[in-house]
Amino acid sequence: MQLKTVHHIAIIASNYERSKEFYVNQLGFSIIRENYRKEKQDYKLDLKLDNCEIELFGIANSPKRPSFPEACGLRHLAFYVDSVEETVKELQKKGIETEPIRIDTYTNKKYTFFQDPDGLPLELHE
């Protein structure tokens, strides 16, 4: 078996329009396709950033994601950036709060976290 790469990551949003605006207009993902699935009464938005794809689902009345304490499952999404400092400045100009910049003790690279509209932890890492 030879897995090649991660094809996509799926995220369920509590507010489809708010999350669509965040991932497309704030973070810069482009829309591949957008579909309303009448049989499921939800939206499915396929997004792309370089070689990374996100399936964003708008599903009404989804339970909140447990974060504190952290639950088993996906912990966070991490995005590679050339400069954590510059990316943090860009996010803050858009009104997106970030945690303080830290140094990864294993790689000695800078990183920080911020959250999507539903509190999903997103990481910036050099």
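In what follows, the structure referred to is the one given above.
Residues numbered from 1 in each chain as written. Predicted model: local features only at pLDDT ≥ 70, side-chain atom pairs only at ≥ 80, totals over all residues. Heavy atoms only, no water.

A. A look at helix α1 (residues 16-26). When α1 is considered as a whole, its buried residues turn out to be Tyr16, Ser19, Lys20, Phe22, Tyr23, Val24 and Gln26. Tucked inside the fold, the buried residues of α1 contact β1 (9-13), β2 (30-37), β3 (42-49), β4 (52-58), β7 (110-115) and β8 (121-125). Its side-chain oxygen 3.3 Å from the backbone nitrogen of glutamate 17, asparagine 15 forms the N-cap of α1. Backbone geometry just downstream of α1 places glycine 28 in the positive-phi region, at approximately 90 degrees. (Buried < 20%, exposed > 50% of the residue type's maximum accessible area, 1.4 Å probe, protein only. Helix = DSSP H or I, 4+ residues; strand = E, 2+ residues; numbered from the N terminus. Contact = heavy atoms within 4.5 Å. Polar contact = N/O pair within 3.5 Å; in protein donor to acceptor, adjacent residues only side chain to side chain.)

B. Here's a closer look at unusual backbone geometry. Positive phi values are uncommon outside glycine, yet glutamine 41 reaches one of about 55 degrees. Take glutamine 41: it is sitting in the loop between β2 and β3. If you check the backbone angles, asparagine 61 has positive phi at about 60 degrees while not being a glycine. Assignment of secondary structure puts asparagine 61 in the loop between β4 and β5 (77-80).

C. Up close: the pattern of salt bridges. As enumerated under the stated definition, the model contains 9 salt bridges in all. One salt bridge in this structure joins aspartate 46 and arginine 33, with 2.7 Å as the shortest N-O distance. Within this pair, whereas aspartate 46 is found in strand β3, its partner arginine 33 is found in strand β2, the two being separated by 13 residues in sequence. Note that glutamate 86 and lysine 89 form a salt bridge whose closest N and O atoms lie 3.5 Å from each other. One end of the pair, glutamate 86, and the other, lysine 89, are both in helix α2 (residues 84-93), 3 residues apart, so they sit about a helical turn from each other. The exposure class assigned to glutamate 86 is partly exposed, which follows from its relative accessible area of 42%. (Salt bridge = Lys/Arg side-chain N within 4 Å of Asp/Glu carboxyl O.)

D. Looking closely at the pairing of β3. For β2 and β3, the ladder comprises 7 bridges, and the chain directions are antiparallel. Among the inter-strand pairings, glutamate 34 is bridged to a residue of β3, identified as leucine 45. The hairpin turn running from β2 into β3, its antiparallel successor, is 4 residues long, and glutamine 41 in that turn takes a positive phi close to 55 degrees. As judged from the 7 bridges shared by β3 and β4, these two strands associate in the antiparallel manner. By the bridge assignment, lysine 48 is partnered in β4 with glutamate 53. Here β3 hands over to β4 after 2 residues, with aspartate 50 in that stretch at a positive phi of 55 degrees. (Pairing = 2+ DSSP bridges.)

E. Layout of the packing of aromatic side chains. As enumerated under the stated definition, the model contains 6 aromatic pairs in all. Ring centres of tyrosine 23 and phenylalanine 29 lie 6.0 Å apart, and the angle between their planes is 75 degrees; this geometry places the pair in the edge-to-face category. The residues tyrosine 23 and phenylalanine 29 share a single accessibility class, namely buried. Relative to phenylalanine 113, the ring of tyrosine 111 has its centre 6.1 Å away and its plane inclined at 85 degrees; by these criteria the two rings are edge-to-face. Assessed through its relative accessible area of 15%, phenylalanine 113 is described here as buried. The rings of Phe22, Tyr23, Phe29 and Phe79 are connected pair by pair, giving a single aromatic cluster. (Phe/Tyr/Trp six-rings, centres within 6.5 Å; stacked < 30°, edge-to-face > 60°.)

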